[in-house]
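In case you want the letters, here they are:
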Amino acid sequence: MDEALVIRDARPSDAVGIAKVHVATWQSTYPGLVPDAYLANLSEAAAAMRWHNAVQAHGPGQGALVVVDGADSVVGFATYGGRRIPVEGYEGEFYALYLLDEAQGQGLGRRLMATMAERLQEGGKRTAVVWCLRENPARWFYERLGGVRVAERPIRFAGAELVEIAYGWRDLAPLARLSAGPEMR
């Protein structure tokens, strides 16, 4: 992995790279958790169209970030904004955070979470949640960053009955402080 990794705001021109990361990470993370047919049918082209539109929809306290290497290729992304699913006492939400397998283990996930927390605070939100599959083996990551399990809900996804859990942060300030570093811009 290139050492010149940078976290920056996503641009519409990043949509194809985000889509590649999205499809690759779902296919490497979720086998056995979501139906195999769903994973096999993920389309980078369809995802790129969705991401092109989503990246443009941002404002104070909501947006998308990318991690790019020295060649400006996307190796990870994260999205955040206002809470979509009601959880009492929480205002913001971390929607997604995905890194290619080879970009993991370098502190990028922590830095993405910290930057999102900082941006949520700039948008007036002091608390936030993240939803993840209960069976996701990477959910410990949120616990290590101070997230506390605050809710659980059954969902139906791609014909399967699954359970999502929410981790919450009652104060984003400690998480936001982790964003300091020369790699941010």
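All values derive from a computational prediction rather than experimental measurement.

### Considerations on the overall build of the protein
Thought 1: Counting secondary structure elements, the protein contains six helices and seven strands.
Thought 2: In the protein, the succession of α and β elements from N to C terminus is β-α-α-α-β-β-β-α-β-α-β-β-α.
Thought 3: Taken over C-alpha atoms, the radius of gyration comes to 16 Å for the protein, in line with the 16 Å a tight globule of 185 residues would show.
Thought 4: Judged by the C-alpha coordinates and their principal axes, the protein covers about 40 × 40 × 30 Å.
Thought 5: For the protein, restricting intrachain contacts to residue pairs at least 6 apart in sequence, the fraction spanning at least 24 positions comes to 66%.
Thought 6: Surface summary for the protein: the accessible area is close to 9,200 Å², and the carbon and sulfur share equals 51%.

### Quick look at the pattern of salt bridges
Thought 1: Scanning the entire structure with this criterion turns up 10 salt bridges.
Thought 2: Two residues, Asp9 and Arg119, come together in a salt bridge whose shortest N-O distance is 2.5 Å. Placement of Asp9 in strand S1 (residues 6-9) and of Arg119 in helix H4 (residues 108-122) is noted, with a sequence separation of 110 residues between them.
Thought 3: Exposure remark for Asp9: the relative accessible area of 39% places this residue in the partly exposed category.
Thought 4: For Arg119, a relative accessible area of 18% gives the class buried.
Thought 5: Notably, a salt bridge pairs Arg134 with Glu135, separated by 3.1 Å at the nearest N-O pair.
Thought 6: On the basis of relative accessible area, Arg134 is assigned to the partly exposed category, the value being 30%.

### Observations regarding the packing of aromatic side chains
Thought 1: Evaluation of the coordinates by the stated rule reveals 11 aromatic pairs.
Thought 2: When the centroid spacing of 5.6 Å and the interplanar angle of 40 degrees are considered together, the rings of Phe77 and Tyr98 count as tilted. Of this pair, Phe77 sits in strand S3 (residues 74-82) while Tyr98 is found in strand S4 (residues 92-99), placing the two residues 21 residues apart along the sequence.
Thought 3: Ring geometry for Tyr142 versus Tyr167: centroids 6.1 Å apart, planes at 35 degrees, classification tilted. Highlighted residues: Tyr142 in helix H5 (residues 140-144) and Tyr167 in strand S7 (residues 160-169), separated in sequence by 25 residues.
Thought 4: What makes Tyr142 buried here is its relative accessible area of 11%.
Thought 5: Of the aromatic side chains, those joined through ring pairs into one cluster are Trp26, Tyr30, Tyr38, Trp51, Phe77, Tyr98 and Phe157.
Thought 6: The aromatic ring of Trp131 is capped on one face by Arg153, whose charged end is 5.1 Å from the ring centroid.

### Some points on the pairing of S3
Thought 1: The element S3 is largely enclosed, with a buried count of eight among its nine residues.
Thought 2: Pairing geometry for strand S2 (residues 63-68) and S3, over six bridges, is antiparallel. Note that in S3 the partner of Val67 across the bridge is Gly76.
Thought 3: Count of turn residues in the S2/S3 antiparallel hairpin: five residues, of which Asp72 carries a positive phi of about 65 degrees.
Thought 4: As paired strands, S3 and S4 are joined by seven bridges and run antiparallel to one another. Across the sheet, the residue bridging to Gly82 is Gly92, located in S4.

### Structural notes on the UniProt feature "domain: N-acetyltransferase" (unreviewed entry) in the protein
Thought 1: Look at the UniProt record and you will see "domain: N-acetyltransferase" (unreviewed entry) annotated at residues 5-174.
Thought 2: Helix makes up 32% of residues 5-174 and strand 31%. Its end C-alpha atoms lie 23 Å apart.

### Things to note about the sheet that holds S4
Thought 1: What the seven strands build is an open sheet, ordered S1-S2-S3-S4-S5-S7-S6; its pairing is mixed. Strands with a single pairing partner mark the edges of an open sheet, and in this sheet they are S1 and strand S6 (148-157). Sheet twist, expressed as the average angle between the axes of neighbouring strands with direction ignored, equals 25 degrees.
Thought 2: The strands touched by H4 are S1, S2, S3, S4, strand S5 (128-133) and S7; relative to S4, the strand with the most contacts, the crossing angle is about 155 degrees.

Basis of the calculations
- Residues numbered from 1 in each chain as written.
- Predicted model: local features only at pLDDT ≥ 70, side-chain atom pairs only at ≥ 80, totals over all residues.
- Heavy atoms only, no water.
- Helix = DSSP H or I, 4+ residues; strand = E, 2+ residues; numbered from the N terminus.
- Rg over C-alpha atoms; globule rule 2.2 N^0.38 Å.
- Contact = heavy atoms within 4.5 Å.
- Areas by Shrake-Rupley, 256 points an atom, 1.4 Å probe, with all protein chains shown as cover.
- Salt bridge = Lys/Arg side-chain N within 4 Å of Asp/Glu carboxyl O.
- Buried < 20%, exposed > 50% of the residue type's maximum accessible area, 1.4 Å probe, protein only.
- Phe/Tyr/Trp six-rings, centres within 6.5 Å; stacked < 30°, edge-to-face > 60°.
- Lys NZ or Arg CZ within 6 Å of the ring centre and 35° of its normal.
- Pairing = 2+ DSSP bridges.
- UniProt positions renumbered as here; feature names shortened; annotations may be inferred.
- Axes fitted to C-alpha atoms, helices over the stretch in contact; angles between N-to-C directions.

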